Amino acid sequence: MLHIYEFEIFKSESGLYLAFPFGLEGGTQGESFEEACKMAASWLKTEMEHRALNGLPFPQPTFENSPDNSGKIVVIAVDAGVDTIPRMTAAAAAQELGVSPGRVSQMVASGQLETFEYEGRVWVSKYSVDARKKEAPKAGRPKRP
């Protein structure tokens, strides 16, 4: 599904370029105007995938906005929905995390991994697997001080 929204991009006092969408909460930044545009597209894709994954409504885009911060108005369009979310089977998630399939089921039940249904199958979001890998505690007992 194609999502099109306007963003205002302007340079902050600290020198970063800030990108804020009209009609949506949040935003992003970049070190250059070009990077801020790329980050805005990435932000919008992630936001729309999050909404699709959680059954949240997609806000109606607004157009012909005026800059609030003397910035430039850019139009960002992304293809995003449940079909664009990186996904894997529970077995692949178990292998990626180095745990058993039963442990993946426990992690799903406790909210540590995110699943969704697509084309009649239940998938584990690769985003949640990657996040778990970053924050997962190391195996074994902690060392004594």
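In what follows, the structure referred to is the one given above.
Throughout what follows, the structure given in this document is the object of discussion. This structure is a prediction, so every number in the text was calculated from the model and none was measured. (Residues numbered from 1 in each chain as written. Predicted model: local features only at pLDDT ≥ 70, side-chain atom pairs only at ≥ 80, totals over all residues. Heavy atoms only, no water.)

## Some thoughts on unusual backbone geometry
For residues that are not glycine, phi is negative in most cases, and the peptide bond is trans in most cases. Its identity is not glycine, yet E64 carries a phi of approximately 60 degrees, on the positive side. Relative to the helices and strands, E64 is located in the loop between α1 (33–53) and β4 (72–79). Even without glycine at this site, S70 takes up a positive phi of about 60 degrees. By the secondary structure assignment, S70 is in the loop between α1 and β4. (Helix = DSSP H or I, 4+ residues; strand = E, 2+ residues; numbered from the N terminus.)

## Points about the packing of helix α2 (residues 90–97) against helix α3 (residues 101–109)
It is at 8 Å that the axes of α2 and α3 come closest, and there the two elements cross at 100 degrees. Classified by the interaxial angle, the pair formed by α2 and α3 is roughly perpendicular. Contacts between α2 and α3 pair A90, A93, A94 and L97 from the former with P101, V104 and M107 from the latter. The class makeup of the residues in the contact of α2 with α3 is seven nonpolar, no polar and no charged. (Axes fitted to C-alpha atoms, helices over the stretch in contact; angles between N-to-C directions. Parallel < 35°, antiparallel > 145°, perpendicular 65-115°, else oblique. Contact = heavy atoms within 4.5 Å. Nonpolar A, V, L, I, M, F, W, Y, C, P; charged D, E, K, R; others polar.)

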